[in-house]
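# Structural characterization, general
Below are the chains, spelled out letter by letter.
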Amino acid sequence: MSKKITFILLIGVIVLASILRLWQLGKVPPSPDWDEASLGYNAYSIMQTGRDEYGKFLPVVLRSFDDYKPALYAYFVIPFIKLVGLNIYAVRLPAVIFGILAVLATFLLVKELLSNVKTALLASFFMAISPWHLQFSRIAFESGVGMAFNIFSALFFIKGLKKPLYLSLSFALMSLNLYIYQSEKVFTPILAVILIIVFRKQLFSISKKYLMAALIIGAIISLPIINFTFTDKEALARAKGVSVFADSTPLLKENVQKIIEDKKNNDFIGLVLDNRRIVFAKTTVSGYLSHFDLNWLFITGDIARHHAPNMGLLYLWDLLFLFIGIFVLLFGKFDKKVKFLLFLWFLAAPIPASITSGVPHAVRTLNFLPTFQIFIAIGVLFAAQKISNFKFQIKYPIYVLVLLFFIFNFSYYLNQYFIQQNYFNAKEWQYGYKDAISIVKKVENNYKKIVVSNQPPMDQSYIFFLFYLEYPSSLYQKEAQYSSGGFRENHAFGKFEFRPIEWSKENRNGDTLYIGRPNHFQDSANVLARINYPDGQTAIELVE
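Summary of the structure given here. Just so we're clear, the structure is a prediction, and the values are computed from it rather than from any experiment.

Let us now look at the packing of helix 7 (residues 142–160) against helix 9 (residues 184–198). Taken N-terminus to C-terminus, the directions of helix 7 and helix 9 make an angle of 15 degrees; their axes are 11 Å apart at the nearest point. One element, helix 7, and the other, helix 9, form an angle in the roughly parallel class. Considering the relative orientation of helix 7 and helix 9, their crossing is right-handed. Contacts between helix 7 and helix 9 involve Ser-143, Gly-146, Met-147, Asn-150, Ala-154 and Phe-157 from the former and Glu-184, Phe-187, Thr-188, Leu-191, Leu-195 and Ile-196 from the latter.

In structure tokens form, the structure reads like this:
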């Protein structure tokens, strides 16, 4: 394939990736979730005052909802707030841009590894249309940016084996990745170790000055986040909160009964197997293996915000070619180093999620990509080559059937994501705040106090009001300095209070506006406005 045709096809893939990620960006998904609103407002606060919502100066970690998330994504948002204002477009655009760059990086990485332009183009095309990648490159989930950094890190590491200056760029990106998403604190060092082990001969034949420069640059960049992790007692709050070891009571309750029975029956083997350490080990292994569940990958996905309705994370069309690609790569004539890198990457991807609750988990294992796309691309080319040897009457019907199945599968996905998602999943995206707050802006001067529920599904309602009201960050920092930020914290600023609504005990003298769910109020309540989900059910009510 000529360079000109390759360039034209690659541009086509990038254009397709861009269209799929930018089309209706502010409308699908229908609303920012609380993490997106938090990233947006904290970026806005840092832009205005140099401090996050709790007054921390140029934070490397955002306290947010006491989950202490790495802060780099918020800094990426700041230029877009400058350009388009504090809105959902500004918050999601960094994810979109890095999502598109990840498609380009996939092409470059595969071309570097396999020296095969067709495989590189196909892998980048499959990344461009991947349901899994699209889901997280259209929303402000930091994992998509972290995944892009990992692909570029691997690309520049491999290029650095020939041109050592690239090694410093690779290590710089790996170090920066620690500031993007929690899972990268685990996966990125593992990826670095994999790269060093697999390519150790070439790496250690490079002049030591280049290796030392790369290590020093990486160490300098990563030092602040490492220092925070080991010196701040809250640094691991998120890890503790989602760890399977965080709340071991439900996990161990059944085993306590088993141990009692084992002691009664003098069952030594039972006592060993029901030991809590064995239980934790089995839970971790089970969590790891759950990410290879084909039902999860191709049919169900996990929670609604992580996939399109009635879709898995991969196309059904991918299944056969995935297995063919793995088989061909495993037993085919590929460089052993390439085999080791891709399979170790593939096997390492679920490690960060394996000790957490709620597994399998699509966000924490996004680093599976681009290995799936590479396997599938290899499988497609191998199958196409074999089928091309068939008789005309056989091969063309096969081509047509496969193409029709692909078109159907892809069209079904586009319908589920861009049309059905808002109808089925609006509740999961905390839908309704934008419309509710636009009404509040018009009537707030009529009330001395505005009380907003913070009970599920209106958890963290305060951050949506800060976001949509563009509340002055310098003022909020003073008002919020004693707040914990936790999920059950009652917040307040200006005339707004965010707390549970107990309608029978509330002051109903007419100078207070209440905002909550229908079940928060009695039937006789005077409803000023009602915000409905796309399916017609009531999302939020404004009550006098």
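Additional details are given in the paragraphs that follow.
We now examine the nonpolar core. Core analysis: the biggest nonpolar cluster contains 163 residues, and Trp-132, Phe-465 and Ile-515 have the highest contact counts within it. In terms of residues, this core owes the most to one element, helix 4 (residues 88–114), which gives 15 residues. Beyond its immediate sequence surroundings of up to four residues, Ile-515 is in contact with Val-440, Ile-450, Val-451, Val-452, Ser-453, Met-458, Phe-465, Ile-501, Phe-521, Ile-540, Glu-541 and Leu-542. Judged by nonpolar contacts, the second largest core, of seven residues, contains Val-451, Phe-521, Ala-525 and Val-543.

The side chains of a regular strand alternate between the sheet's two faces. For strand 7 (residues 527–532) and strand 8 (residues 538–543), the ladder comprises five bridges, and the chain directions are antiparallel. Across the sheet, Asn-532 pairs through a bridge with Thr-538, a residue of strand 8. In sequence, strand 7 turns back onto strand 8 through a hairpin of five residues, with Gly-536 there showing a positive phi of about 95 degrees.

We now examine the pattern of salt bridges. In the structure shown here, the tally under the stated rule is 13 salt bridges. Note that Arg-63 and Asp-66 form a salt bridge whose closest N and O atoms lie 3.3 Å from each other. Overall, the relative accessible area of 25% leaves Asp-66 in the partly exposed class. Linking Glu-112 and Lys-162 is a salt bridge whose minimum nitrogen-to-oxygen distance equals 3.5 Å. A residue pair is termed long-range when its members are at least 10 positions apart, and Glu-112 in helix 4 and Lys-162 in the loop between helix 7 and helix 8 (165–177) qualify at 50 residues.

With 14 residues, helix 15 (residues 276–289) extends 20 Å between its outermost C-alpha atoms, agreeing within 8% with the 20 Å of an ideal straight helix rising 1.5 Å per residue. Among all positions of helix 15, only Val-279, Phe-280, Thr-284 and Gly-287 are buried. Down the axis of helix 15, the smallest arc covering the buried residues is 135 degrees, so these residues share one side.

This paragraph deals with the sheet that holds strand 5 (residues 496–498). Here six strands make up an open sheet; going across it, the order is 4-5-3-6-8-7 and the pairing mixed. Each edge of the open sheet is held by one strand with a lone partner, namely strand 4 (491–493) and strand 7. Going across the sheet, the axis of each strand differs from the next one's by a mean of 15 degrees, ignoring polarity. Sheet topology note: the strand 3 (residues 449–452)/strand 6 (residues 512–516) ladder contains four bridges and is parallel.

Our focus in this paragraph is the pairing of strand 6. With five of its five residues buried, strand 6 lies for the most part within the structure. Residues Thr-512, Tyr-514 and Gly-516 line one face of strand 6 and the alternating positions Leu-513 and Ile-515 line the opposite face, and both faces are buried. As paired strands, strand 6 and strand 8 are joined by three bridges and run antiparallel to one another. When the sheet's bridge partners are listed, Gly-516 is paired in strand 8 with Glu-541.

Scanning the entire structure with this criterion turns up 53 aromatic pairs. A cation sits over an aromatic face here: Arg-63 above Tyr-54, 4.5 Å from the ring centre. A cation sits over an aromatic face here: Lys-159 above Tyr-166, 5.4 Å from the ring centre.

Tracing the backbone through its elements, the reader meets Gly-516 in strand 6. By relative accessible area, Gly-516 is classed as buried at 0%.

The next point concerns helix 18 (residues 336–348). Between its first and last C-alpha atoms helix 18 spans 18 Å; for 13 residues at 1.5 Å apiece the expected length is 18 Å, and the two agree. Taken together, the buried positions of helix 18 are occupied by Val-338, Lys-339, Leu-341, Leu-342, Phe-343, Trp-345, Phe-346 and Ala-348. Among the structural elements, helix 4, helix 7, helix 9, helix 17 (318–331), helix 19 (351–354) and helix 20 (371–387) are those in contact with the buried residues of helix 18. Of the residues flanking the start of helix 18, the one acting as N-cap is Asp-335, its side-chain oxygen 2.7 Å from the backbone nitrogen of Lys-337.

About the thresholds
Residues numbered from 1 in each chain as written. Predicted model: local features only at pLDDT ≥ 70, side-chain atom pairs only at ≥ 80, totals over all residues. Heavy atoms only, no water. Axes fitted to C-alpha atoms, helices over the stretch in contact; angles between N-to-C directions. Helix = DSSP H or I, 4+ residues; strand = E, 2+ residues; numbered from the N terminus. Parallel < 35°, antiparallel > 145°, perpendicular 65-115°, else oblique. Left-handed = near helix turned anticlockwise from the far one by under 90°. Contact = heavy atoms within 4.5 Å. Core = buried A, V, L, I, M, F, W, Y, C linked by side-chain atoms within 4.5 Å. Buried < 20%, exposed > 50% of the residue type's maximum accessible area, 1.4 Å probe, protein only. Pairing = 2+ DSSP bridges. Salt bridge = Lys/Arg side-chain N within 4 Å of Asp/Glu carboxyl O. Expected span 1.5 Å × (residues − 1). Arc of directions from axis to C-beta. Phe/Tyr/Trp six-rings, centres within 6.5 Å; stacked < 30°, edge-to-face > 60°. Lys NZ or Arg CZ within 6 Å of the ring centre and 35° of its normal. Polar contact = N/O pair within 3.5 Å; in protein donor to acceptor, adjacent residues only side chain to side chain.

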